[in-house]
Amino acid sequence: MKYCVLSHRGFSTFPRASKQIESLASQEGVDVVVIGIQMLNGESETFNIGNATVKHLSLPISLPMVGPLKIVNTIIAMMTLLFAAWEERADVYHCFNIYALIVGSILSTTQSSQLTYDASEPNGLQIRIQFPGILGKLMSGIVNRIEGILAARTVAVFTVNSSDGVPFDRLTRYNSNTVILENVPQLSEFDANPEDSPLDPETKTLIYVGGVSERKGGDIMIEAMVHVVEDHPDAQLVIIGGGTDSYMCHLRDRIETLGIEDNVWLLGPVEYDRVPAYLADATVGYQLYQPGPWTSRSKASSTVFRHMGAELPVVVTDLPGLGELIEDLECGLTVPVDDPESIGAAVSGLLADEEQIETLAANGRRQVETRYNWKIEEERFLDHMPVPQTADTE
């Protein structure tokens, strides 16, 4: 059986997809080819994820990712994806995001193949953020409707967890075989050698890993650090991940203005496999989501689960999604969304309490070992995916 995994973005920094690809490729009698698009002027490349062959394709024409030109680039990406995947003649097309789903639907219809869909990205909400006002609301409704109609034609739909259950409930109306898959790590990810980390294990280190933006708390982390260093002058904040050039320049300027250059590291993107070494020498994990259409309800943070697996207490903002999760699991602290002084005070108190750090960290690690890990999610994933036909045995 041949699977073709499709996305209009690359897979090298998409751990949710990488785990699914590895799981599929490890099954006997399964061949997996993966096709993604390099949207930001990347060069075409071929590499492997497990036993799967991954093809990252560059766009034949790439326009600036601003305003309506984003739509043009997306259409070009979809056409590129369609022409590349057409030659694969796969038995199953497994699609990430709605744009790949549209392409996969064309392929599955014309080639009589099966179709599966991972709806991990809130497509309608993203459009409303990009296009505020009536236009965004109209486009969002159209996209959600298209997604639902196409999801009804799939063998299985996978989505993420949220405090209000919206993605799951909405997709279940179209396809009863809709399953929640948590964005959780492999336990083997935490077998890192701390010697590979440039961090000083004796230094109290706050760490954040993920996309860097105001929505994900970039400004608040910096502002709170001013108050942390009042009680812990040698403490450091390590931010791993990329953001727009303008936003990263803004953060650097803010760090300099606040006079905390010696306490904050903006490391930029780090290879996924190297991150656990940094986590091994950190003290506390951060995820300071700010209120927004998706962040306010999301329980799908792979960053938080990785921090838990690395035995770090987690500090998150008190939003309905992650805030409720952390309180229920008793593995960290919740803090106000927009009060750097209160956040700094809470973090300072935690850094001064080794016993509390150990208790919260142990609770988080135990949850990852027993519940929030890919071995458990993998079983659910494979149980709902089409599998090769085998001979009946008695």
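In this text the structure is predicted, and so the values were computed from the model without any measurement. (Residues numbered from 1 in each chain as written. Predicted model: local features only at pLDDT ≥ 70, side-chain atom pairs only at ≥ 80, totals over all residues. Heavy atoms only, no water.)

Moving on, we get to unusual backbone geometry. Even without being glycine, Arg89 reaches a positive phi, approximately 50°. Owing to a relative accessible area of 48%, Arg89 belongs among the partly exposed residues under this scheme. Despite not being glycine, Glu330 shows a phi value in the positive range, around 55°. With respect to the element layout, Glu330 can be found in the loop between α11 (320–329) and β14 (332–335). (Buried < 20%, exposed > 50% of the residue type's maximum accessible area, 1.4 Å probe, protein only. Helix = DSSP H or I, 4+ residues; strand = E, 2+ residues; numbered from the N terminus.)

The strand order β3-β4-β2-β1-β5-β6-β7-β8 describes an open sheet built from eight strands, whose pairing is mixed. Looking at strand neighbours, the two that pair on one side only are β3 (45–49) and β8 (178–180), the edges of this open sheet. Within this sheet the neighbouring strands show an average axis-to-axis angle of 20°, counted without direction. As paired elements, strand β6 (residues 114–119) and strand β7 (residues 156–159) share four bridges and run parallel to each other. (Pairing = 2+ DSSP bridges. Axes fitted to C-alpha atoms, helices over the stretch in contact; angles between N-to-C directions.)

With respect to the element layout, Ala25 can be found in helix α1 (residues 15–25). Remark: the alpha-carbon pair of Ala25 and Thr53, spanning 28 residues in sequence, is separated by 9.3 Å. Not counting the four nearest positions on each side in its chain, Ala25 is found in contact with Val30, Val32, Asn51 and Ala52. (Contact = heavy atoms within 4.5 Å.)

By definition, the strands of a sheet pair up through backbone hydrogen bonds, in either a parallel or an antiparallel sense. In space, the six strands of this open sheet follow the order β11-β10-β9-β12-β13-β14, with parallel pairing throughout. Edge positions in the sheet fall to β11 (264–268) and β14, since each has one partner strand and no second. For this sheet the average axis-to-axis angle between neighbouring strands, irrespective of direction, equals 20°. Note: strand β9 (residues 205–209) against strand β10 (residues 236–240), five bridges, orientation parallel.

Each aromatic ring pair is described using two quantities: the centre-to-centre distance and the angle formed by the ring planes. For the structure shown, the criterion picks out three aromatic pairs. Between Phe158 and Phe381 the ring centres are 5.1 Å apart and the planes differ by 55°, which places this aromatic pair in the tilted class. In this pair, Phe158 is assigned in strand β7 and Phe381 in helix α14 (residues 374–384), connecting sequence segments 223 residues apart. No difference in accessibility class separates Phe158 from Phe381, as the two residues are buried. Judged by centre distance (4.8 Å) and plane angle (20°), the rings of Phe305 and Tyr372 are stacked. Taken together, the positions of Phe305 in helix α10 (residues 302–309) and Tyr372 in the loop between α13 (354–370) and α14 put the pair 67 residues apart, joining distant regions of the chain. (Phe/Tyr/Trp six-rings, centres within 6.5 Å; stacked < 30°, edge-to-face > 60°.)

Here we come to α11. Those residues of α11 that sit buried are Gly321, Leu322, Gly323, Leu325, Ile326 and Leu329. Contacts made by the buried residues of α11 are with β12 (284–287), α10, β13 (314–317), β14 and α13. The positive-phi residue at the C-terminal boundary of α11 is Glu330, with phi of around 55°.

Moving on to the pattern of salt bridges. Under the counting rule described, the total for this entry stands at ten salt bridges. The salt bridge partner of Arg170 is Glu147, with a shortest N-O separation of 2.9 Å. Here Arg170, found in helix α6 (residues 166–172), pairs with Glu147, found in helix α5 (residues 134–151); they are 23 residues apart in sequence, far enough to count as distant. The burial state of Arg170 is the same as that of Glu147; both residues are buried. (Salt bridge = Lys/Arg side-chain N within 4 Å of Asp/Glu carboxyl O.)

Together, Asp318, Glu324, Glu327, Asp328, Glu330 and Asp338 make up a negatively charged patch on the protein surface. Within the secondary structure, Asp338 is located in the loop between β14 and α12 (340–351). (Patch = residues over 30% accessible without salt bridge, like charges linked within 9 Å, V, L, I, M, F, W, Y side chains within 5 Å. Areas by Shrake-Rupley, 256 points an atom, 1.4 Å probe, with all protein chains shown as cover. Lys, Arg positive; Asp, Glu negative; His and termini not counted. Charge placed at Lys NZ, Arg CZ, Asp CG, Glu CD.)

The class of Phe305 is buried, set by a relative accessible area of 1%. Separated by 122 residues in the primary sequence, Phe305 and Asn183 have C-alpha atoms spaced 7.7 Å apart. Excluding residues that lie within four positions of it along the chain, Phe305 makes contacts with Glu182, Asn183, Val184, Pro185, Phe190, Lys299, Leu325, Val368 and Tyr372.

Once that is clear, we can look at helix α7 (residues 218–231). The largest bend in α7 is about 30°, located at Met225. Residues of α7 that are buried include every one of Gly218, Asp219, Ile220, Met221, Ile222, Ala224, Met225, Val228 and Val229, and no others. Against the buried residues of α7 lie β9, β10, α8 (245–258), β11, β12 and α12. (Bend = angle between axes of the 7 residues up to and from the residue.)

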